[in-house]
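# Secondary and tertiary structure notes
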Amino acid sequence: MGKTVAIVNQKGGVGKTTTAVNLAAAVGKCGKRVLLADIDPQGNATSGLGINKKNVERSTYDLLIGTASAEQVRIKTAFEGLDLLPSHMNLAGAELEIAELDSRMTRIKSALAPIKADYDFLFLDCPPSLGLVTLNALCAVDTVLVPIQCEYYALEGLSQLMNTIRLVKRKYNPYIDMEGVLLTMFDGRLNLTQQVVTEVKRFFPQKVYGTVIPRNVRLSEAPSFGQPVMYYDRASKGAKAYMDLAEEFLKKNSR
């Protein structure tokens, strides 16, 4: 049965989708069977894997409202070991629709259940908010991975996220745990970066990955070519960082 990991931070611009796409692709490249579920209405993970969002017939929107199964929605990507549940702009209105449906908090969990055994790892790229779709994801996962950018407002909103996770653990998903915290947009030359690292490690003792993700032009370019960075430019610093992260992630999850 595959382990399910939500990649979440309600603050936008922290490298959440970049991490979802590149970690999923890197773990697939390491020989694992991986599914990436794009449940962000912006659909950037979908386009970042070379899928035209406008041509998607069934999406995670259909999963949420119950008009299609995960088997019908998933598509094989061009990348090793990696399947995708694509997003669609319809997902933007899904919160209003599922609010009135039965089992509104566990719709993603129920939708993923029939295919979990097909994968070693399932990653969920969540919206940059703590709305009903993100809460659905938190009810469905084993662990949460939080990307944090090495900037002044890094910890802003994190206490709210942790409170939400604690609430979900108490009411809906007693097994949810912290997978880890990933430092992104890292520039070791800046004093501010070191201050943020110190603060994050104080906030999340024992949970911060040793691997950090640097600022890197290739990382920024890769999505516009519809490729994870290790396929776009495998010699780049960004590609090496995400391959290192995949190895660290797999070492922690070795079974």
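Please refer to the structure higher up on the page.
Residues numbered from 1 in each chain as written. Predicted model: local features only at pLDDT ≥ 70, side-chain atom pairs only at ≥ 80, totals over all residues. Heavy atoms only, no water.

## Re the layout of surface pockets
Estimated volume of the largest pocket: approximately 500 Å³. Elements supplying a minimum of two residues to the lining of the largest pocket: helix 1 (16–29), helix 2 (44–48), strand 7 (177–186), strand 8 (208–214) and helix 10 (217–221). By residue number, the principal contributor to the lining of the largest pocket is helix 1, which donates six residues. A breakdown of the residues in the lining of the largest pocket according to their chemical character gives twelve nonpolar, 14 polar and four charged. Considered as a void within the structure, the second largest pocket measures approximately 160 Å³ in volume. In terms of lining residues, the second largest pocket is bounded by Met1, Lys109, Ala113, Lys116, Cys139, Ala140, Val141, Asp142, Asn173 and Tyr175. Split by residue class, the lining of the second largest pocket holds six nonpolar, one polar and three charged. (1 Å grid on protein atoms, 1.4 Å probe; cavity = no way out; pocket = protein on both sides within 12 Å on 5 of 7 lines; lining within 4 Å. Points joined across faces, edges and corners; volume = space filled by probe spheres on them. Helix = DSSP H or I, 4+ residues; strand = E, 2+ residues; numbered from the N terminus. Nonpolar A, V, L, I, M, F, W, Y, C, P; charged D, E, K, R; others polar.)

## Considering helix 9 (residues 191–203)
Taking 1.5 Å of rise per residue, 13 residues should cover 18 Å, and helix 9 covers 19 Å from first to last C-alpha, within 8% of that figure. Restricting attention to buried positions, one finds in helix 9 the residues Thr193, Val196, Val197 and Val200. Here the buried residues of helix 9 occupy an arc of 100° about the axis, which is enough to place them on one side. More than 90 degrees from the buried face of helix 9, the exposed residues found are Asn191, Gln195, Thr198 and Arg202. Where helix 9 is buried, its residues contact strand 6 (143–149), strand 7 and strand 8. (Expected span 1.5 Å × (residues − 1). Buried < 20%, exposed > 50% of the residue type's maximum accessible area, 1.4 Å probe, protein only. Arc of directions from axis to C-beta. Contact = heavy atoms within 4.5 Å.)

## What to know about the sheet that holds strand 7
With respect to topology, eight strands assemble into an open sheet ordered 3-4-2-5-1-6-7-8, the strand pairing being mixed. Each edge of the open sheet carries a strand with a single partner, namely strand 3 (75–76) and strand 8. Relative to strand 4 (residues 82–85), strand 3 runs antiparallel, the two being bridged by two bridges. From the neighbouring strand, Ile75 faces strand 4, where its bridge partner is Leu84. Where helix 1 meets the sheet, it contacts strand 1 (3–7), strand 2 (34–38), strand 4, strand 5 (121–125), strand 6 and strand 7, and its direction lies at approximately 165° from that of strand 5. (Pairing = 2+ DSSP bridges. Axes fitted to C-alpha atoms, helices over the stretch in contact; angles between N-to-C directions.)

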